[in-house]
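So you can see what is in the structure, the chains are spelled out below.
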Amino acid sequence: MAHAPTTVTVTGAGGQIGYALLFRIAGGDLLGPDRPVRLHLLEVPQGMRAAEGAALELQDCAFPLLDSVDLTDDANRAFDGSSVALLVGSRPRGPGMERAELLQANAGIFGPQGAAISAHAASDIRVVAVGNPANTNALIARAAAPGIPSDRFTALTRLDHNRALGRLSEALGVRPDAIRDVTVWGNHSATQFPDVSHATVDGVPVTALLAERMGGEDAAARWLDDVFVPGVARRGAEIIEVRGSSSAASAASATIDHVRDWVRGTHPDHGWTSAAVVSHGEYGVPEGLVSSFPVTSDGQAYRVVEGLELEPRARARIDRSVAELVAERETVEALGLL
Ligand code: NAD
Ligand code: LMR
């Protein structure tokens, strides 16, 4: 039987990430090749012309799965009947800024959008905050929608996860999809901890493979500490410096991966992935924070993979990133946004 169209809302549809996202959603990459989509695009008045242009191009692609496109600057209309909400619309950082510096500029967007989601979205709504600082923006949106189960609110750290896979793939000379069980912990910020201590390729620990290629365990540990971890954590800043504006196509691609795996389920043979989800206290992360964890999905919800052993240095790195999330929560509380 043919599926009814699913309503997907994209905020900031006239921006860079929006432009890289819309065509992939309409082409079936987000929900699957048998799932028609109804696109609801939310923009502020200044972004409307760019979004209108993207809507014209969507029509010109003649995507068989694209049921309709509705463009609005009214959040209530944009989230009406929505099953998937991609919260992209917000200001990106410029060179030399940290993502947390966007808190003041962007945090005010996410409360009203959470309230509009609460009032108008479909009962199966799933939300991912992409706009920065993504974890805390998801926290704000969730707080404004107390009637919606907390596992429906997430933030994007899949880009960091994919960045980690890309780096490891190059260092090990294997395909990215041969590497399983990498974790990004904590905040989508420079304090995040991309962790390979449980990662394997064909059952062999990644740490052993790195030691083999780099001439010993010490050299591999130095590479992880001095190159890999800071390289992944600071990749967003590197892109801004080299490209002149923040990552767009890779961010859109990671957003597609995040939602696709959430909706269609992660494959047991491929291990876990990383997503920022609402903590229930797993790994000592204070309840209610939106923090990145190792997660799997059964097609309904992302669930944290529990019971992993953490070495003291890993523990300390996670604690540092979580402390930053606590501080961001205190800042938005002080701003009256929670
Ligand atoms: P952009 O400036 O190109 O586009 C943002 C769009 O959002 C603009 O068209 C703007 O008009 C619109 N907008 C602003 N306020 C809005 C609102 N209240 N409602 C709806 N639309 C609104 O920026 P971009 O490059 O697309 O980046 C968007 C956000 O995503 C930034 O905050 C950026 O830092 C973030 N980002 C996150 C990740 C991640 O991995 N989490 C990766 C890349 C970028
Ligand atoms: C990224 O990681 O590329 C985005 O969060 C943009 C940024 O500000 O780094």
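Residues numbered from 1 in each chain as written. Chains lettered and ligands numbered in written order. Predicted model: local features only at pLDDT ≥ 70, side-chain atom pairs only at ≥ 80, totals over all residues. Heavy atoms only, no water.

## Quick notes on the overall build of the chain
What counts is decided by this rule: Secondary structure elements follow DSSP: runs of H or I no shorter than four residues count as helices, runs of E no shorter than two count as strands, and numbering proceeds from the N terminus. Classification of residues uses two cut-offs on accessible area relative to the type maximum, computed with a 1.4 Å probe and protein chains only: under 20% is buried, over 50% is exposed, and between them is partly exposed. Two residues qualify as a contact provided that any one of their heavy atoms is within 4.5 Å of a heavy atom in the partner residue. Using a 1.4 Å probe, the Shrake-Rupley method yields the accessible areas, and only the shown protein chains count as cover for residues. This count recognises Lys and Arg as positive and Asp and Glu as negative, with His and chain-terminal groups excluded. We put the charge of a Lys on NZ, of an Arg on CZ, of an Asp on CG and of a Glu on CD.
For the chain, the count of helices and strands is 11 helices and 14 strands. Based on the C-alpha atoms only, the size of the chain along its principal axes is roughly 55 × 45 × 40 Å. Counting the 338 residues in the chain, one finds 53% classified as buried. A separation of at least 24 residues holds for 73% of the contacts in the chain among residues at least 6 apart in sequence. When the accessible surface of the chain is totalled, it reaches about 14500 Å², and 50% of it is carbon and sulfur. Each charge class in the chain was averaged separately, 29 positive and 42 negative side chains, and the resulting centres sit 2 Å apart.

## Things to note about the sheet that holds strand 7 (residues 179-180)
Heads up, the condition is: Pairing between strands requires that DSSP locate at least two bridges from one strand to the other.
If you walk across this open sheet you meet the 3 strands as 7-10-11, and the pairing is antiparallel. Whereas interior strands pair on both sides, the edge strands pair on one side only; in this sheet they are strand 7 and strand 11 (204-205). Taken together, the 2 bridges between strand 7 and strand 10 (residues 200-201) define a ladder with antiparallel strand orientation. Looking at strand 10, one finds that Ile179 is bridged to Val201.

## Focus: the domain arrangement of the chain
Stated precisely, the cut-off is as follows: Domain ranges listed in this record stem from an automatic or a database domain assignment. Each of two parts loses accessible area, computed with a 1.4 Å probe, when they are put together; buried area is these two losses added.
If you check the domain split of the chain, you get domain 1 (6-155) and domain 2 (158-331). Computed from C-alpha atoms alone, the centre-to-centre distance between domain 1 and domain 2 is 24 Å. Contacts between domain 1 and domain 2 engage 39 residues on the former and 46 residues on the latter. Taken together, the two surfaces of domain 1 and domain 2 that pack against each other cover about 3200 Å², and 59% of this comes from carbon and sulfur.

## What to know about the site of ligand 1
How we decide: To be near a molecule or strand, a residue needs just one of its heavy atoms within 4 Å of it. Polar contacts here mean pairs of N or O atoms no more than 3.5 Å apart (in protein, one a potential hydrogen donor and the other a potential acceptor; neighbouring residues in sequence count only if both atoms are side-chain atoms).
Close to ligand 1 lie 27 residues; Gln16, Glu43, Arg91, Val130 and Asn132 are nearest. At 3.0 Å, a backbone N or O of Ile17 approaches an oxygen atom of ligand 1. Within the contact set of ligand 1, an oxygen atom lies 2.5 Å away from a side-chain nitrogen or oxygen of Glu43. For the shell around ligand 1, the secondary structure elements donating two or more residues are helix 1 (16-26) and helix 4 (103-120). Take the shell around ligand 1: its biggest share by element is 3 residues, from helix 4.

## Some thoughts on the pattern of salt bridges
Spelled out, the test is: A pair is scored as a salt bridge if a Lys or Arg side-chain nitrogen falls within 4 Å of a carboxyl oxygen belonging to Asp or Glu.
Following the criterion strictly, the structure yields 20 salt bridges and no others. Asp29 is the partner of Arg24 in a salt bridge, and the nearest nitrogen-oxygen pair spans 2.8 Å. On the basis of relative accessible area, Asp29 is assigned to the partly exposed category, the value being 34%. Across the salt bridge formed by Arg235 and Glu238, the nearest N and O atoms sit 3.2 Å from each other. With Arg235 and Glu238 both in helix 9 (residues 235-243), this residue pair falls 3 residues apart, about one helical turn. Residue class for Arg235 comes out partly exposed when judged on its relative accessible area of 29%. Residues joined in a network through salt bridges with shared partners are Arg158, Asp257, Arg260 and Asp261.

## Re the nonpolar core
Our working rule: Take the buried residues of types Ala, Val, Leu, Ile, Met, Phe, Trp, Tyr and Cys, join any two whose side-chain atoms come within 4.5 Å, and each joined set is a nonpolar core.
Counting residues in each nonpolar core, the largest one holds 39 residues, and the members touching the most others are Leu168, Val206, Leu210, Phe228 and Phe293. Elements represented by at least two residues in this core include exactly helix 6 (158-172), helix 7 (206-214), helix 8 (217-233), strand 12 (273-278), strand 13 (290-297), strand 14 (302-304) and helix 11 (312-334). Among the elements that make up this core, the one with the highest residue count is helix 8 (6 residues). Residues within four places of Leu210 in sequence aside, it is in contact with Leu168, Ala171, Leu172, Ala220, Trp223 and Leu224. Membership of the second largest hydrophobic core comes to 31 residues, among which are Leu22, Ala54, Ala251 and Val259.

## A few points about the site of ligand 2
Close to ligand 2 lie Arg93, Arg99, Asn132, Leu159, Arg163, His188, Gly236, Ile240, Ser246 and Ser247, which account for all nearby residues. The side chain of Arg99 places a nitrogen or oxygen atom 2.7 Å from an oxygen atom of ligand 2. The separation between an oxygen atom of ligand 2 and a polar side-chain atom of Asn132 is 2.8 Å. Relative to its free-state accessible area of 260 Å², ligand 2 is covered by the protein chains to the extent of 94%.

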